[in-house]
Amino acid sequence: MSNQIQLAVHGAAGRMGRRVVALAAEDKDIQITAAIDHADNGLIGQDAGLVAGIAALDVLLSPDWPNYASVMIDFSLPVAVDGCVAKCVAAKMPLVIATTGLNDVQKEAIAAAAKLIPIVWAPSMSTAVNLTMKVAQQITETLKHVAGGVDIEIIERHHRFKADAPSGTALRFGELIAEKMDGDVKHVHGREGETGQRTRNEIGYHAVRVGDNPGEHTIVFGMMGERIEINVAASNRDCYASGAIAAAKFLQGKPAGLYSMFDVLGLS
Ligand SMILES: NC(=O)C1=CN([C@@H]2O[C@H](COP(=O)(O)OP(=O)(O)OC[C@H]3O[C@@H](n4cnc5c(N)ncnc54)[C@H](O)[C@@H]3O)[C@@H](O)[C@H]2O)C=CC1
Ligand SMILES: O=C(O)C1=N[C@H](C(=O)O)C[C@H](O)C1
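Worth saying up front: this structure is predicted, and the values here are computed from it rather than measured. (Residues numbered from 1 in each chain as written. Chains lettered and ligands numbered in written order. Predicted model: local features only at pLDDT ≥ 70, side-chain atom pairs only at ≥ 80, totals over all residues. Heavy atoms only, no water.)

Visitor: A description of the pattern of salt bridges should follow, citing residues and the corresponding values.
Guide: One side chain can pair with another of opposite charge once the charged atoms of both are near each other. Enumeration over the complete set of coordinates arrives at 13 salt bridges. Measuring nitrogen to oxygen at the nearest pair gives 2.8 Å for the salt bridge that ties Lys162 to Asp164. For Asp164, a relative accessible area of 16% translates into the label buried. Glu175 serves as the salt-bridge partner of Arg172, at 2.6 Å between the closest nitrogen and oxygen. Taken as a pair, Arg172 and Glu175 lie in helix α6 (residues 168–180) at a separation of three residues, close to a single helical turn. On the accessibility criterion, Arg172 (27% relative accessible area) is partly exposed. Linked by salt bridges that have partners in common, Asp151, Glu153, Arg191, Arg198 and Glu202 make up one network. (Salt bridge = Lys/Arg side-chain N within 4 Å of Asp/Glu carboxyl O. Buried < 20%, exposed > 50% of the residue type's maximum accessible area, 1.4 Å probe, protein only. Helix = DSSP H or I, 4+ residues; strand = E, 2+ residues; numbered from the N terminus.)

Visitor: Residues and numbers for the site of ligand 1, please.
Guide: In the neighbourhood of ligand 1, 23 residues make up the surrounding shell, with Arg15, Met16, Asp37, Thr100 and Met125 lying closest. One of the side-chain nitrogen or oxygen atoms of His10 is found 3.3 Å away from a nitrogen atom of ligand 1. Between ligand 1 and Gly14 there is a distance of 3.1 Å, counted from an oxygen atom to a backbone nitrogen or oxygen. Contact with the protein chains removes 82% of the 860 Å² of surface that ligand 1 exposes when unbound. Grouping the amino acids of the shell around ligand 1 by side-chain chemistry returns 10 nonpolar, nine polar and four charged. (Near = heavy atom within 4 Å. Polar contact = N/O pair within 3.5 Å; in protein donor to acceptor, adjacent residues only side chain to side chain. Areas by Shrake-Rupley, 256 points an atom, 1.4 Å probe, with all protein chains shown as cover. Nonpolar A, V, L, I, M, F, W, Y, C, P; charged D, E, K, R; others polar.)

Visitor: Explain the UniProt feature "domain: Dihydrodipicolinate reductase N-terminal" (unreviewed entry) in the protein chain residue by residue, including any values.
Guide: The sites that carry the UniProt feature "domain: Dihydrodipicolinate reductase N-terminal" (unreviewed entry) are, in the present numbering, residues 5–125. Secondary structure within residues 5–125 divides into 32% helix and 21% strand; the distance between the first and last C-alpha atoms comes to 19 Å. (UniProt positions renumbered as here; feature names shortened; annotations may be inferred.)

Encoded structure:
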């Protein structure tokens, strides 16, 4: 029997699923064994490799769950995540969850499932984004007592097709920054009308939807007399796809637990 990781992709016909298929197909340690998508997707029945723009893989896009896979990578829709988690638990299949826009109940279900199977769950699989999150925390810690105070705002830009706002990554930046601020933090989503002056303990979020932008986050640290802006931007989706594949490899042999990309990248 081959030592290759047998990979199943959930949401395989989507923008991200296709890039995961394309990059995994080039990886000698991985064999793609299942490409799952919704039964109503018009590409069901087609070869997942051809749909991804590479050579045929002899793996057809299907709504059916595989009998076995060493790991599942999910880039789908929030409504599809519950079923994916339940099926991975039933099959004792390690799972990488990349889908964003999940509600609190779904997040609790993921935490419960992670008591039974190993799960990597992260709103961004990108190395650059995860490293920038650490930098943002460090800047917050250094500036939080600066004379005159610091105002922190998060601007995210994504393609016009994105279904959730603000991005899961922007929300995670906000959570991680809030951990380093003193006292209660107010998360403010956009501003309009008679807002009054900005209060000190706010984090502002602004979601821009333009063209084909594969994902960009700017964190502004505004002080009296100067400001820092850190910007992290994808040029294409492969940073997320390769991160998800690294997470799938990381999960091999891991005990049940909820892991993040910080764990995968050794940034914890
Ligand atoms: N964590 C990360 O690094 C990243 C996360 N994302 C997130 O991944 C998700 C997918 O993004 P895209 O690929 O751009 O979206 P997309 O809309 O192109 O693809 C979603 C795919 O899921 C399929 N799908 C829908 N219901 C399904 C079901 N019940 N079972 C199986 N498949 C189903 C759709 O048919 C579609 O092919 C979004 O939530 C996005 O925010 C996107 C990029 C990076
Ligand atoms: O939908 C996308 O495209 C992306 N979504 C993720 C998010 O919501 O943070 C990650 C990345 O920015 C691309």
